[in-house]
Amino acid sequence: MTRVLLALRSALFYLGYVSATVILSGLFILVFPLISHRNSHRIAALWSRTILGWLRVCCGVSYEIIGLENIKPSPAVYLSNHQSNWETLLFYRLIYPLSPILKKELLNIPFWGWALRLTKPIAIDRSKPREAGRSLLTQGVQRLGEGQSVIVFPEGTRSPPGYIKRFTRSGATLAAAASVPIVPIAHNAGYVWPPRSFIKYPGKVTVQIGQPIDVDDHSVKIISGQVEAWVRNHMVVRN
């Protein structure tokens, strides 16, 4: 498939992506005062399914999930490798109620950021690493105590396809502080949605979800290392 055709398909995807986001974000803002916080996440899940379905139609991107039974209704810290925006879309469909961790400036994006602000996200200032770490821990423990799960990308930034950076201990520290389990997730979305790339490539994303890991009887260093090793061993690498 030529790059011109790939670019045209990707442009069509983004046209639908932006349109659906504006419409559903506006709907979310309008109905939010009338519904419970837990039910509000169903609209986020609808947005996720809509965008992923449109991505499949326009760009030929499908996915399979292995270990879906490991996602529980009780709060947990989900640790995943980070390669693109694709996995953030998926997680809104898989996990709720959910408090996402994001850069605070994203909350100022019209419609999407305004709607996101209502979901009680954990907004951090990445220009101040120490303050961001404290904010993640404080807000994360509070959100988990309220019954919401938290997703952490312990690499810190997106990695190229097939590559995983060293994990920080922030996610394991949060799970230990809140006394909740860690659920590891590995995926290879970077092959179809490369980081900082406009073009989306056809293919199948494989997502593997591991069994919950109890943090009570182990040190944060050991648990973080175990999760990183699991993700490295279960990420499907294309030849």
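It should be noted that the structure appears before, not after, this text.
Here's what I pulled together on the structure shown here.

Scoring rules and cut-offs
Residues numbered from 1 in each chain as written. Predicted model: local features only at pLDDT ≥ 70, side-chain atom pairs only at ≥ 80, totals over all residues. Heavy atoms only, no water. Axes fitted to C-alpha atoms, helices over the stretch in contact; angles between N-to-C directions. Helix = DSSP H or I, 4+ residues; strand = E, 2+ residues; numbered from the N terminus. Parallel < 35°, antiparallel > 145°, perpendicular 65-115°, else oblique. Left-handed = near helix turned anticlockwise from the far one by under 90°. Contact = heavy atoms within 4.5 Å. Nonpolar A, V, L, I, M, F, W, Y, C, P; charged D, E, K, R; others polar. Disulfide = S-S within 2.5 Å. Buried < 20%, exposed > 50% of the residue type's maximum accessible area, 1.4 Å probe, protein only.

**Looking at the packing of helix 5 (residues 129–145) against helix 6 (residues 170–178)**
At a minimum axis distance of 9 Å, the contact between helix 5 and helix 6 shows a crossing angle of 45°. Between helix 5 and helix 6, the interaxial angle falls into the category oblique. In this structure, helix 5 crosses over helix 6, and the sense of that crossing is right-handed. Residue-level contacts link Leu136, Leu137, Gly140, Val141 and Leu144 of helix 5 to Ser170, Thr173, Leu174, Ala177 and Ala178 of helix 6. In terms of residue class, the contact of helix 5 with helix 6 is made up of seven nonpolar, three polar and no charged.

**Remarks on unusual backbone geometry**
In this structure, the amide linkage connecting Tyr96 to the following residue, Pro97, adopts the cis form with an omega of 5°. Topologically, Pro97 is positioned in the loop between helix 3 (86–94) and strand 3 (98–99). At Ser179, a residue that is not glycine, the phi angle is positive and equals roughly 55°. By secondary structure assignment, the location of Ser179 is in the loop between helix 6 and strand 7 (182–187).

**Some points on the state of the cysteines**
This structure, assessed with the given rule, holds zero disulfides. For Cys58, which is in no disulfide, the shortest distance to another cysteine sulfur is to Cys59 and amounts to 5.6 Å. We classify Cys58 as buried; its relative accessible area is 6%.

That's the geometry; what it means functionally is another story.
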